[in-house]
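# Working through the structure, step by step
The residues making up each chain are set out below.
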Amino acid sequence: MINYENCWKTMSARGITKYSLIHHYNISSNTLQRMSKGEPITTNTINELCLILHCRPEDILTFEITTEEESFQKKREMQIAEKKKK
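Figured I'd write up the structure that's included with this text.

Conventions used here
- Here the residue numbering is sequential within each chain, running from 1 through the sequence in written order.
- Where totals are concerned, whole chains, interfaces and linings use all residues; where local detail is concerned, this predicted model gives features only for residues with pLDDT of at least 70, and gives and counts side-chain atom pairs only at 80 or more.
- Only hydrogens and water are set aside; all other atoms, that is, all heavy atoms of the structure, feed into the side-chain values.
- Throughout this description, the term salt bridge denotes a Lys or Arg side-chain nitrogen within 4 Å of a carboxyl oxygen of Asp or Glu.
- Residue exposure (1.4 Å probe, protein chains only): buried if accessible area is under 20% of the type maximum, exposed if over 50%, otherwise partly exposed.
- Only buried residues count toward a nonpolar core. Its members are Ala, Val, Leu, Ile, Met, Phe, Trp, Tyr and Cys residues joined through side-chain atoms within 4.5 Å.
- Helical segments are the DSSP runs of H or I of at least four residues, strand segments are the runs of E of at least two, and each set is numbered from the N terminus.
- Note on contacts: a residue pair qualifies if any of its non-hydrogen atoms lie within 4.5 Å across the two residues.

## With respect to the pattern of salt bridges
- Going through the model one piece at a time under the given rule, you end up with three salt bridges.
- A salt bridge links Glu 39 to Arg 34; its shortest N-O distance comes to 3.3 Å.
- Looking at Glu 39, the relative accessible area reads 30%, which means it is partly exposed.
- Overall, Arg 34 belongs to the partly exposed group, its relative accessible area being 28%.
- Across the pair Glu 58 and Arg 56 runs a salt bridge whose closest N-O atoms are separated by 2.8 Å.

As structure tokens, this is what we get:
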């Protein structure tokens, strides 16, 4: 799961608010809502945020695998291994 907690910290450190992103930098409120829910955003948006915040992608997001994702990944890897045997 993608986590955007770093973005909120970076914004705070740079003195940039959600209001400013929306009204001054044209980042959509829907994008910020998606981020607050941990939902995906485009790589173009990540690029824009990096430019606005003068930072790197890791200052905006982190990846943390959930138990559900880990279970799914293991099943998928087993299925792929089976296909390779054939």
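Now that the structure has been shown, we can carry on.
## What about the nonpolar core?
- By size, the foremost hydrophobic cluster in this structure holds 18 residues, and its most contacted members are Tyr 4, Cys 7, Leu 21, Met 35 and Ile 60.
- When contributions to this core are tallied by element, the ones reaching two or more residues are helix 1 (5–14), helix 3 (29–36) and helix 4 (43–53).
- Considering each element in turn, this core owes the most residues, five residues, to helix 4.
- Apart from residues no more than four positions distant in its own chain, Cys 7 is found in contact with Met 35, Leu 53, Asp 59 and Ile 60.

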